[in-house]
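Fold and contact review
Below are the chains, spelled out letter by letter.
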Amino acid sequence: MKIQAINGFKDILPDTAVRWRHIEQRARDIFERFGMREIRTPIMEKTELFVRSIGEATDVVEKEMYTFIDKGITMRPEATASIMRAFIEHGLHVQQPIQRLYAIGPMFRHERPQKGRLRQFHQLDAEIIGAVEPRVDAELIAMGQMLLDELGLSVSLELNSLGCPICRPPFKQRLVAFLEQTSEGLCEDCKRRTQTNPLRVLDCKKPTCRALVKDAPSLLDALCPDCDRHFQEVQGALQGLEIPFRLNPFMVRGLDYYTRTTFEFLTTDLGAQAAVGAGGRYDGLIEELGGPPLSGIGFAMGLERIALLLEQRPEGEQPTDTTDIFIAALGQATLAPCSQLAHGLRKQGIRVGIDYSGRGLKALLKQAARINARFTLIVGDDEWASQQGILRNMTTQEQQPVALVGTTDELSRRLAEHLQVLRH
Ligand code: ATP
Ligand code: MG
């Protein structure tokens, strides 16, 4: 019987991996422009970490976690909790009061697999810890927007504030009172959430629930003066950075630790999977996990969803793997020197393709095209004897002679330089 991958766990094949690498490189580049530094944490943590940070009554903790019950450990469903755990454990704030951290890696949630929704998925995660100023919120959001812009993706940004432990509890009470009146029409999940996690009812995606909560009280009208000021300043700073956004008072993130600013980057191009990335402030989280009373803000973007959007871009804008030169070794006598030349060129940092099968020129040129070689060096027995190969530009089809003289090292260096010149 053929063994296949587990449902919801996906292979990233080379044609897709090139797109992923492009996204990751762009992300690293942009994050580092904003002074972010990489952190890598384990993919498993004590279950308690996620229960305490994400919240017991959230979908993630209630239904989606991969937990080894007998071991008390869980495969991470998101990155923030682990990063905060590491931040506290290593006292990172002692070295540097404001920490800007990013992480890239797999996350695990037991959800129903579909397009853009997997059980092992990958996130680009960014966190700024220790800064309270609204401008920092705007800067972090602007960084996410810059990444999506530079990848050529069009997304819309929605913004909300979830208030704080002062203004949220009285709002929650009002909301529960409202929901209890309308509870008849709510879906089963939302009936339950009315008691366990009433704010989540506001962003239920079911049309019937949406219609009912349209008239629910709005958190944005209920913010305390401090939260209100913070939120106004975030909006002002975003406008200053020319980042367009839309207020959405119904957006409630699925993780309990959020306070104040929350945001989502949305697309209309992925069916039901509208959120490309999302994040917010988590001012009480670090203290809740036993750390110092520091605030933080972060976001996570889904690599799969970004890759799917990138795939929809025109062919010419797709990142591809390329080879600098393919060596077409024709004839038995050329195989050994050509393999040495390939090795020498690779030492010079050149991406080389070569084939030892002894196939004819037509087949080898086809192979060169398949691996996106920019040049092919054609070396048959005659060329080898006369110490003159043919360099073919695979784009223009132009051919020019190249001298095959000197030691392998000399030849490799000369050819490598020649390729550099041709590249510019
Ligand atoms: P959704 O509403 O789509 O379930 P979420 O609110 O659960 O998303 P977050 O926990 O905020 O998502 O994670 C941030 C990002 O990670 C999402 O915007 C999405 O791009 C991605 N993501 C979340 N869950 C999955 C998944 N199961 N498969 C693929 N990507 C995911
Ligand atoms: Mg989810």
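Residues numbered from 1 in each chain as written. Chains lettered and ligands numbered in written order. Predicted model: local features only at pLDDT ≥ 70, side-chain atom pairs only at ≥ 80, totals over all residues. Heavy atoms only, no water.

Here's the deal with the environment of Ile378
Position of Ile378 among the secondary structure elements: in strand S14 (residues 373–379). Residue Ile378 is classed as buried on the basis of its relative accessible area of 5%. Along the primary structure Ile378 and Arg423 are separated by 45 residues, whereas in three dimensions their C-alpha atoms are 19 Å apart. Once residues within four sequence positions are removed from consideration, Ile378 is found in contact with Ala328, Leu330, Leu361, Glu383, Gly389, Ile390, Arg392 and Gln399. (Helix = DSSP H or I, 4+ residues; strand = E, 2+ residues; numbered from the N terminus. Buried < 20%, exposed > 50% of the residue type's maximum accessible area, 1.4 Å probe, protein only. Contact = heavy atoms within 4.5 Å.)

A short note on the site of ligand 1
Near ligand 1 lie 15 residues; those nearest to it are Arg109, Glu111, Arg117, Leu118 and Arg253. Ala275 places a polar main-chain atom, nitrogen or oxygen, 3.1 Å from an oxygen atom of ligand 1. Protein coverage of the free-state accessible area of ligand 1, which is 580 Å², stands at 88%. Secondary structure elements with two or more residues in the shell around ligand 1: strand S6 (120–129), strand S10 (275–281) and strand S11 (296–302). Looking at the shell around ligand 1 element by element, the count peaks at 4 residues for S10. Taken together, the residues of the shell around ligand 1 break down into 6 nonpolar, 4 polar and 5 charged. (Near = heavy atom within 4 Å. Polar contact = N/O pair within 3.5 Å; in protein donor to acceptor, adjacent residues only side chain to side chain. Areas by Shrake-Rupley, 256 points an atom, 1.4 Å probe, with all protein chains shown as cover. Nonpolar A, V, L, I, M, F, W, Y, C, P; charged D, E, K, R; others polar.)

Quick word on the packing of helix H6 (residues 134–150) against helix H12 (residues 225–240)
It is the contact of H6 with H12, at a shortest axis distance of 8 Å, that shows an interaxial angle of 45 degrees. Between H6 and H12, the crossing angle belongs to the class labelled oblique. Classified by chirality, the crossing of H12 by H6 is right-handed. The residues of H12 that touch H6, namely those facing Pro134, Arg135, Asp137, Ala138 and Ile141, are His230, Glu233, Val234, Ala237 and Leu238. Residue classes in the contact of H6 with H12 are distributed as 6 nonpolar, 1 polar and 3 charged. (Axes fitted to C-alpha atoms, helices over the stretch in contact; angles between N-to-C directions. Parallel < 35°, antiparallel > 145°, perpendicular 65-115°, else oblique. Left-handed = near helix turned anticlockwise from the far one by under 90°.)

Side note on the sheet that holds S11
The strand order across the open sheet formed by 8 strands is S1-S5-S6-S11-S10-S9-S7-S8, and the pairing between neighbours is mixed. Of all the strands in the sheet, just strand S1 (37–38) and strand S8 (246–247) have a single pairing partner and so form its edges. The pairing of strand S5 (residues 99–108) with S6 spans 10 bridges and is antiparallel. Paired with Pro106 across the strands is His122, a residue of S6. Running at roughly 15 degrees to S11, H6 makes contact with S5, S6, strand S7 (156–161), strand S9 (259–266), S10 and S11 of the sheet. (Pairing = 2+ DSSP bridges.)

Examining the UniProt feature "binding site: L-histidine" (unreviewed entry) in the chain
The UniProt feature table records "binding site: L-histidine" (unreviewed entry) at Glu78, Ala79, Thr80, Arg109, Gln123, Glu127, Arg253, Tyr257 and Tyr258. Of the annotated positions mentioned, Arg253, Tyr257 and Tyr258 line the second largest pocket. Relative to the helices and strands, Glu78 is located in the loop between strand S4 (73–75) and helix H4 (80–89). Setting aside anything within four residues of it in sequence, one finds Glu78 in contact with Phe50, Ile54, Met107, Arg109, Gln123, Leu255 and Tyr257. A distance of 3.4 Å separates the side chain of Glu78 from the side chain of Thr80, its partner in a polar contact. Assignment of secondary structure puts Arg253 in the loop between S8 and S9. According to the relative accessible area criterion, Arg253 is buried, its value standing at 16%. Ignoring anything within four residues of it in the chain, the contact list for Arg253 reads Leu162, Arg200, Asp203, Tyr258, Thr262, Phe263, Glu264, Ala278 and Gly279. Within polar-contact distance, the side chain of Arg253 engages the side chain of Glu264 at 2.8 Å. (UniProt positions renumbered as here; feature names shortened; annotations may be inferred. 1 Å grid on protein atoms, 1.4 Å probe; cavity = no way out; pocket = protein on both sides within 12 Å on 5 of 7 lines; lining within 4 Å.)

Let's talk about the domain arrangement of the chain
As far as domains go, the chain holds domain 1 (14–167 + 223–315) and domain 2 (323–417). Here domain 1 and domain 2 have C-alpha centroids that lie 48 Å from each other. (Domains from an automatic or database assignment.)

Describing empty space enclosed by the protein
Under the defined criterion, the tally for this structure stands at 1 cavity of 30 Å³ or more. Within this model, the largest cavity holds a volume of roughly 40 Å³. For the largest cavity, the full set of lining residues is Asp324, Arg374, Phe375, Leu419 and Arg423. Every element with two or more residues in the lining of the largest cavity is listed here: S14 and helix H18 (408–423). The class makeup of the residues in the lining of the largest cavity is 2 nonpolar, no polar and 3 charged. (Points joined across faces, edges and corners; volume = space filled by probe spheres on them.)

Considerations on the pattern of salt bridges
Applying the stated rule across the entire model yields 27 salt bridges. Its salt-bridge partner being Asp29, residue Arg33 comes within 2.8 Å of it at the nearest N-O pair. Residue Arg33 and its partner Asp29 are both found in helix H1 (residues 14–33); the two are separated by 4 residues, about one turn of the helix. Take Asp29: its relative accessible area is 35%, and that puts it in the partly exposed class. Residue Arg313 pairs with Glu317 through a salt bridge whose shortest N-O separation is 2.5 Å. Accessibility expressed as a relative area gives 27% for Arg313, which makes it partly exposed. (Salt bridge = Lys/Arg side-chain N within 4 Å of Asp/Glu carboxyl O.)

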